[in-house]
Each structure stands twice: as C-alpha cells, then as structure tokens.
Amino acid sequence: MLSFASQMHRMLSKYGLVSKQLWEIMQISNILLCNVTDRVSFWFVVTDSSENVTTVPGSEVEAAIRMNRNRINSAFLLSDKTLQFLKITPTLSPPVEPSTPVWLIVFGVVLCLILAGIVFLVVAGIRQRKKKNKESTERENLEEKCEVTITVENGIPCEALDLKAGHINGVFAADNERFTSL
Amino acid sequence: MCRRHNKDHEILFSRERGAFLIPYFIALLFEGIPLLHLELALGQCLRKGSIRAWNTVSPYLGGVGVGSWMVSVLVSLYYNTVLTWVMWYFINSFQEPLPWSACPLNENRTGFNEECYRSTAVNYFWYRKTLNITPNVTESGTLQWWLILCLAACWAIVYLCTIRGIETTGKAIYVTAIFPYLVLTIFLIHGLTLPGATDGLAYLFTPNLNTLKNPRVWLDAATQIFFSLSLAFGGLIAFSSYNSPKNDCEKDAVTVAIVNSMTSLYASIPVFSVLGFKATTGYWDCLDRNIISIINEFDLPEESIMRENYTAWISFLNSSHPEKIAGLKLKSCDLQEFLDQSVSGTGLVFIIFTQAIILMPGSRAWAILFFIMLFCLGLSSMFGNIEGVFTPLLELRIISKTIRKELLSGIICLICFIIALCFTLGSGSYWIDIFDSYAGTVPLLVIAFFEVIGVAYVYKIKRFSKDVKWMTGRKPNLYWQITWRFISPLLLLIVFLAFVALQIQKPSSYAAWNPKYEGFPMKEEKVYPPWVLAICVLLAVLPCVFVPLVALFNLIKQMCRSKDTSFIQPEVFSCQEANCNFCHPKESIPIVSVCKKK
C-alpha cells in the first residue's frame, strides 16, 4: 500500500494537474487508502495539505490518472487488464497500421507474377506455332516430290495404330500440339 | 491420371463427423466407385469430351453431356469465388499481428467496435471486413472492390494454368496435388501436440448413431461423394479420353477412390485436433471470464478460484448467495457444446480455423501455410471444372477452327469473371450458399442416374462389358455388374426422392448475419423470398432439363426422317471401332495424314 501511495504522490505532484503551489506541500500522507480488501483493491482519496483538509476533486484525479495510465502501469509492472481503475475506462491505443495496407503490397507481387507467367506462355505459344508452320510447309513441299510407301493392315495404315503409347486425340490436337504424358 | 480433391475440406467440417463415416463409405462403395469406373471407361473408350461422348453412346442421351457441361459452368462460376476468399485471407496473413486477431477500436477509442465486441474478432473480420455482408439476401449491397481484385487474380491464375488446356494443367497439377499433402503432414504433427487435441479426435471417432436416423446425413454423404470424386461433371470423361485405350481403368477407378478417401481421413485428423484445441481454449476462456466476475463480485483473493475447483465454488456460492450469482448472469461453460459448435457452409473454414490459428504460436506462418494449401486444393478442383467447360466447346468444330486455344480459354475465363462479379456484392455469400445447395446437388444426382441407366440399359451392359474387356483385358466382375445394373440407379433414385421430399417438407431458410438482431451474435433464421426460391428451382432444373429436351428433339427428328440412314444407330458402334475411327483424315495431325490412300 505504501508503494502505491508513494507512486500516486509522485505522479500527481510531478505530472498531474495539481497546481504548482500545492506541489511542495503535498506529501505522501495526503494519499489516504481505505476499504482495503484481500484482493488488493481499495479506495483512495487525495487531500491537499492546506489548512482546510479537503480532498482534491475526483475529476482532477481522474484526468491525471487517464493521462498517466502508462506510467502507473509500468511502475507496478501491471497492465490495463490487471490494474483496474473503476469508472476510468482506459483509452486504448489503436493497433499499428502501416501507411499502405500490407495486403495490397502482397497482392501486387502476386498479380505481377501471374501476369508475367501469362505473357510468357502466350508469347512462347505464338513462337512455337510460327516454328511449326514453317516446318509443316517445308514438309509438304518434300512430300509432293517423293513417294511414300505405306504398309496397310485391315485397311488402316500401321503408323496410325500405335496401341502401346498414349493416343493423340485427334479432336483436341487440332493445332498440332503435343500433350504432356499424365 | 489427374485427381481432384473437390471440397474435401467441406466433408471434414460436417457436424456429425463420427457417424458420417458410415454413410460416406456406403455411398462410396455403391455409388462412387461404380460411377467413377463407368465414367473413366467411357471416356477412355470413346476418347471424346462429355457432349460428343454421350451423343455417340446414344443420340437420345446427348442431353446428359449437355447437362454435365451446364453443371460445370455453374459450379465454376461460384467455386472460384471461394478461392477468392482464400486468396484474400492468404494475402492478409502477411500482416503481423494477424488482422483477425484483434477488434478495431470504436470512435472515441474507449472500447472496441460494437459489432466486433459482441461477436468475436474472427467473426467480425469475416463478415464485415471480408464479405461486408448485408442483413438479408434481398439487399444486394455494393460491390466490394478488394474482393473484385482478388477475384480477378484468381481467374488470372486459372487462365494461366489452363491456357493451353491439358498441357499446362498437367504440369500445374504436380504442384497443386503434392503440396497440400506436405502441409497436412506439418499440421498433423503440430495439431497433435496442442492441448485439447485428444478431445477433438475422440469427438471425430465416436459415432453418434442417432444422427444416422436423420436422412439429411445420408443425403449429404451421397452428394458429397459427387463433389469429392468429381462425378457427373464431365471432367472425368474429358481427362480419361487422353489416356491410352489399353489403360486399366478399373484399377484406376478403385485406386482413385481409395486414395481420395484415405486423404480425406488423413486430413481430418489435424483438422479435428485443431478443432478440439479451439474448443478447449474457448471453454477455458469462458471459465476464466466467469471466474473474474465472481472474484470481482465477492472480493475474493486472486487465484482462489481456479478452473479445476470452479464447479465446487459455483455450487457453494449458489447455495450461499443465489441472488448474487443470478445477478452476475454467468454463461454456462460446457466443453461438449464448444465441440458441437460448427458453422455450416463455406464460411466455416474462415471462422473456426482462423480462430484456432491465432491461438497457436507463430500464427502468421501457420496462416500462410494453411491458406496456400486450401488454395492448391481448390485450384485443382477448378482445373477439372474448367476442363469440363473447355473441352466440349473445343469439340464444336466451328469454334476450334476459328479461335485458338489460348483465346478460347481467355474468353471463357473473362466471361466467368464478369458473371462471378455478382458474388462480390454484399449478399454474395448468401448466393454462393444457394448455388452450392441447389446447383451442386440435384443436377448431379439426376445426371449420374441417367448416366448409369444409359450405359446399363440403352447401350446395354453386355456391350459395355465387352468394351471394358477389350481395354483392360478382363471382364468386369459381379460387383460391377450388380452395381451398374441395379444398386447404383436405385440408390441414386432414393437419394433424389429423399432430397425432394425434404425440400418440400419445410420451407428453405438461411441464416443471416444481422447486427441489429436481438439474438446477435446468433444468426437470424430467415426464409427465402419467392423470387429467390424461383432462382433456386431454376438452378436445380436447368441442367436436368436438357436430358429430356435433347431426347425429345432427337425423337422428333427420328420420326420426321425415319428413313434417313445417316442417323447413327447405337448397335453398330463399339470401342474397337471408335479407336480406329480416329484415322479419319479430316480430323488428323500430320502423322495420320499418311492414311490418305496414295
């Protein structure tokens, strides 16, 4: 209790709204504790040590405590939850918010990666198609010149029937592309 | 063979988990595996996408293919919005502390935001900061710009992975299929070390047989199988058409089904240990709050009441000062109640699991890992859906000749993105629940029913068995014969009728998040207005209606041109000929062009 009284005295006199004249006069004994219970809870009043012993108005004490909540808490190594001043709701500090929300930055990174991937694939596809077109025109010119002998079985050429490997599905291969094996 | 984990996380969060395993395995055995084998064999034999495949089986069944295509379109639309939410949470997980861990302050900074304080910070982040949800489905609210950005990114990713169809999808699947296993293992190891994990696991594995009496559980199991194995979407037929015709599709079907179920079980262990951990911490918090109020009220010394002797103290205080205790309005804390708490719907993952993650040390890393895993799971399902949409369109010659693949997939993704913008409205999450319950359940049942009936009785099981024998080398055994002929169609019919009966019994309602509701933070039960109900019915009926429509159309065509021999007769078709038919010069690539008779 003594520790609390001394802390309150220090706070009120040094940082509080108590007028300068009272500063010197006020002593630790001005802080009176009452109704102390087992649970370390109590009432306290602050008196001024002028001739008429009056209590410092509650609103001033409240304002002082509100301003210095942090110091009081840290002096006792307690927090707003463990040191409670009834009827003084703590002014909460807002959560730290960076100027640009973090998620926008991450989103920007992700979007750039996706667009880069799309552009890469589209350009690669166009290049591949140009190369294949060139090759197929060359091959067509070749075929017109030479004769190709085909072995036929059951009316179907053998090259077409390759039953061991995966078939190239004619419907989906309209663009002369190969598929990855699954 | 590509596999998909469609909404596996959905199956895990069913409230009746313990007893759910029984209907799940029955549905898997008699519905899932036979249908899976059927679709794989069909695709492998016919080597076409779903629309043309069913047209080939029988022109009267062409509507089945169109129906699956329609379902794939509807599901792709809303499924990617779920991925949008996952992505939103993912990019928010890089913030320290996690944004859903604390409530924002109110205006005068004396307390927390009221809506947040009365519910929880996690709820607030989900309903307000993410969805900005409206109090009912009729109020549309505004478009949420952050969701639009994430939606655009998600569709861009889908486009990137399906840009050239199966070529790029096949590569992306390696990542999206393997990575979730890694993360699940990490979560498994961590989850088992958390306090309260054993309670969660006990809850998972103790069957509460009373829940089996509820037909809803059986219904959920049956429809869940469809999503889990991606049956009746047309995607399986498209994927298996790329296989070699001599591939053993029977082994594939059984393997896929078993691996799928094992994965589901494997995933449920970390999930339920985390849920148990969350329930235990919630229970402890409840106790602690009560203890503080009691200590404050009775001015007892600190640490006189602990969690262990709480019940003793309560009974003592109740007998000595009952009015004071009643005046405190203490909440009753019951661990079982916390375990039973499960929000249903797609928001479940974002509330319960995110809450559990905050409580873990190193929560930022866990959040990032968790959401990447969810994203991979969802993405691999999206691949199948988009293939189901993309492939039949490619088969329409007009489109494949004039438009290149990259352009076609780009157009599909763009159109879907624009339509899906309506899910980013304030009421979007209600609409997604509607799509989920109506477009993703009834049409699948109907299409699957017609698939089995079509193959078993129109195409005839004998011919199908012969085809399967040609492909795999052995005739399908008794199990397949019985399930294809009798059990599967019967089961599907029963489930469908039960679903319709349940729907008619009570008016469809939904749970709305309304801060002005008296019982807030409980959700308000509201009934769908008639126009919304009409949309629900439309969603359920639209894919199914194609089946009779196409059949009727072909019947009329047949009657008008009864002497036209160019009409394909089902009898002259077989699997062997289907493969040789691909020597057709017109639809060939350079290798096959030498078929031209020179």
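About the thresholds
Residues numbered from 1 in each chain as written. Chains lettered and ligands numbered in written order. Predicted model: local features only at pLDDT ≥ 70, side-chain atom pairs only at ≥ 80, totals over all residues. Heavy atoms only, no water. Helix = DSSP H or I, 4+ residues; strand = E, 2+ residues; numbered from the N terminus. Buried < 20%, exposed > 50% of the residue type's maximum accessible area, 1.4 Å probe, protein only. Contact = heavy atoms within 4.5 Å. Areas by Shrake-Rupley, 256 points an atom, 1.4 Å probe, with all protein chains shown as cover. Core = buried A, V, L, I, M, F, W, Y, C linked by side-chain atoms within 4.5 Å. Axes fitted to C-alpha atoms, helices over the stretch in contact; angles between N-to-C directions. Parallel < 35°, antiparallel > 145°, perpendicular 65-115°, else oblique. Left-handed = near helix turned anticlockwise from the far one by under 90°. Nonpolar A, V, L, I, M, F, W, Y, C, P; charged D, E, K, R; others polar. Disulfide = S-S within 2.5 Å. Phe/Tyr/Trp six-rings, centres within 6.5 Å; stacked < 30°, edge-to-face > 60°. Lys NZ or Arg CZ within 6 Å of the ring centre and 35° of its normal. UniProt positions renumbered as here; feature names shortened; annotations may be inferred. Pairing = 2+ DSSP bridges. Expected span 1.5 Å × (residues − 1). pLDDT = per-residue confidence, 0-100. Patch = residues over 30% accessible without salt bridge, like charges linked within 9 Å, V, L, I, M, F, W, Y side chains within 5 Å. Salt bridge = Lys/Arg side-chain N within 4 Å of Asp/Glu carboxyl O. Polar contact = N/O pair within 3.5 Å; in protein donor to acceptor, adjacent residues only side chain to side chain.

J.: Lay out the overall build of chain A with the relevant residues and their values.
T.: What chain A contains, in helices and strands, is five helices and four strands. For chain A, the residues scored as buried account for 27% of the 182 residues in total. Of the contacts made within chain A by residues no fewer than 6 positions apart, 31% connect residues no fewer than 24 positions apart. Taken as a whole, chain A presents about 12,800 Å² of accessible surface, with 58% of it coming from carbon and sulfur.

J.: Go over the nonpolar core with me, naming the residues and quoting the values.
T.: Within soluble globular proteins, side chains that are nonpolar generally end up buried alongside one another. Ranked by size, the top nonpolar core spans 184 residues in total, and within it B:Trp155 and B:Phe371 carry the most contacts. Setting aside anything within four residues of it in sequence, one finds B:Trp155 in contact with B:Ser76, B:Asn80, B:Met382, B:Ile386, B:Cys413, B:Cys416, B:Phe417 and B:Ala420.

J.: Just give me the short version of the packing of helix 4 (residues 62–92) of chain B against helix 7 (residues 145–161) of chain B, but keep the residues and values in it.
T.: All names here are of chain B. Contact pair helix 4 / helix 7: the axes reach a minimum separation of 8 Å and the direction vectors enclose 110°. Classified by the interaxial angle, the pair formed by helix 4 and helix 7 is roughly perpendicular. Of the two possible hands of crossing, helix 4 and helix 7 adopt the one that is right-handed. Residues Ser76, Asn80, Thr81, Leu83, Thr84, Trp85, Met87, Trp88 and Ile91 of helix 4 pack against Trp146, Leu147, Cys150, Leu151, Ala153, Cys154, Trp155, Ile157 and Val158 of helix 7. Across the contact of helix 4 with helix 7, the residue classes break down as 14 nonpolar, four polar and no charged.

J.: Explain the state of the cysteines residue by residue, including any values.
T.: In total, this model carries two disulfides over all chains according to the counting rule given. Bridging B:Cys103 to B:Cys116, the disulfide has an S-S length of 1.7 Å. Judged by the sign of its S-S torsion, about -85°, the cystine formed by B:Cys103 and B:Cys116 is left-handed. Of this pair, B:Cys103 sits in the loop between helix 4 and helix 5 (114–118) while B:Cys116 sits in helix 5; the two residues are 13 residues apart in sequence, bridging distant segments of the chain. There is a disulfide in this structure between B:Cys286 and B:Cys333, and the S-S distance comes to 1.9 Å. Here the S-S torsion is close to -80°, and the disulfide linking B:Cys286 with B:Cys333 is therefore left-handed. Taken together, the residues B:Cys286 in helix 12 (residues 249–298) and B:Cys333 in the loop between helix 14 (322–328) and helix 15 (335–340) connect sequence positions 47 residues apart. Each of the two residues, B:Cys286 as well as B:Cys333, counts as buried. No disulfide involves A:Cys112; its sulfur sits 14 Å from that of B:Cys150, the nearest cysteine.

J.: Go over the packing of aromatic side chains with me, naming the residues and quoting the values.
T.: All names here are of chain B. Scanning all chains against the criterion turns up 37 aromatic pairs over all chains. A centroid spacing of 5.3 Å and a plane angle of 90° characterise the contact between Tyr89 and Phe125, whose relative ring orientation is edge-to-face. With a gap of 36 residues between them, Tyr89 in helix 4 and Phe125 in helix 6 (residues 121–130) connect regions that are remote in the sequence. One exposure class covers both Tyr89 and Phe125, and it is buried. Here the basic side chain of Arg463 rests over the ring of Tyr459, its NZ or CZ set 4.1 Å away from the ring centre.

J.: If you had to explain the UniProt feature "binding site: Na(+)" (unreviewed entry) in chain B to someone new, which residues and values would you point to?
T.: All names here are of chain B. UniProt feature "binding site: Na(+)" (unreviewed entry): in the numbering of this structure it lies at Ser228, Asn260, Leu377 and Ser381. For the residues just named, distributed over 154 residues, the greatest C-alpha separation is only 13.0 Å, placing them together at one site. Summarising the element assignment, Leu377 is placed in helix 17 (residues 363–395). The class for Leu377 is buried, based on a relative accessible area of 10%.

J.: I'd like a rundown of the pairing of strand 2 (residues 524–527) of chain B, residues and numbers included.
T.: Each regular strand displays side chains that alternate between the two surfaces of the sheet. Residues and elements named next belong to chain B. Because side chains alternate across strand 2, one face comprises the buried residues Glu524 and Lys526, and the other comprises Glu525 and Val527, none of which is buried. The pairing of strand 1 (residues 509–512) with strand 2 spans four bridges and is antiparallel. Paired with Tyr510 across the bridge in strand 2 is Lys526.

J.: Describe helix 6 of chain B, and please don't skip the residues or the numbers.
T.: The buried fraction of helix 6 of chain B amounts to nine of the ten residues, a majority that puts the element mostly inside the structure. Where helix 6 of chain B terminates, the next one or two residues include B:Asn132, which has phi positive at roughly 50°.

J.: So what's going on with helix 20 (residues 428–439) of chain B? Which residues, and what values?
T.: Residues and elements named next belong to chain B. Its twelve residues place the ends of helix 20 15 Å apart at the C-alpha level, agreeing with the 16 Å of an ideal helix rising 1.5 Å per residue. Counting buried positions over the twelve residues of helix 20 gives ten, a clear majority of the element. Among all positions of helix 20, only Gly428, Ser429, Tyr430, Trp431, Ile432, Ile434, Phe435, Asp436, Tyr438 and Ala439 are buried. Residues of helix 20 that are buried make contact with helix 4, helix 21 (442–458), helix 23 (478–505), strand 1 and helix 24 (530–560).

J.: Let's hear about the confidence of the model for chain A: which residues, and what values?
T.: Residues and elements named next belong to chain A. Across chain A, the average pLDDT comes to 66, with 29% of residues at 70 or higher. Helix 2 (residues 20–25) is the least confidently modelled element of chain A, averaging 46 in pLDDT, while helix 5 (residues 102–145) averages 86, the highest of any element. Between residues 20–25, whose pLDDT stays under 50, and residues either more than four places distant or in other chains, the model counts five contacts. Confidence drops under pLDDT 50 across residues 175–179; counting only partners more than four residues distant or on other chains, this segment forms 16 contacts.

J.: How would you summarise a nonpolar patch on the surface if you had to cite specific residues and measurements?
T.: Taken together, the side chains of B:Tyr60, B:Leu552, B:Leu555, B:Ile556 and B:Met559 make up a nonpolar region of the molecular surface, amounting to roughly 480 Å² of accessible area. Within the secondary structure layout, B:Leu552 lies in helix 24.

J.: Mind laying out the side chain of B:Thr472, listing which residues take part and the relevant values?
T.: All names here are of chain B. Within the secondary structure layout, Thr472 lies in helix 22 (residues 461–472). Within the structure, the side chain of Thr472 is placed 3.2 Å from the backbone oxygen of Arg474, a separation counted as a polar contact. If sequence neighbours within four positions are ignored, Thr472 has contacts with Asn247, Asp248, Cys249 and Glu250.

J.: Account for the pattern of salt bridges, with residues named and values stated.
T.: All names here are of chain B. Scanning all chains against the criterion turns up seven salt bridges over all chains. Two residues, Arg128 and Glu115, come together in a salt bridge whose shortest N-O distance is 3.2 Å. Within this pair, whereas Arg128 is found in helix 6, its partner Glu115 is found in helix 5, the two being separated by 13 residues in sequence. Residue classification places Arg128 among the buried residues on the basis of a relative accessible area of 18%. Between Arg307 and Asp288 there is a salt bridge, with the nearest N and O atoms lying 3.0 Å from each other. In this pair, Arg307 is assigned in the loop between helix 12 and helix 13 (310–320) and Asp288 in helix 12, connecting sequence segments 19 residues apart. A relative accessible area of 28% places Asp288 in the partly exposed class.

J.: Residue-level account of the packing of helix 21 of chain B against helix 24 of chain B, with values.
T.: Residue and element names in this part refer to chain B. The interhelical angle for the contact between helix 21 and helix 24, taken along N-to-C directions, is 15°, at an axis separation of 8 Å. As judged from the angle between their axes, helix 21 and helix 24 are roughly parallel. Relative to helix 24, the crossing made by helix 21 is right-handed. Two secondary-structure elements touch here, helix 21 through Val442, Pro443, Val446 and Phe450 and helix 24 through Leu539, Ala540, Pro543, Cys544 and Val547. Here the residues of the contact of helix 21 with helix 24 are counted per class, giving nine nonpolar, no polar and no charged.

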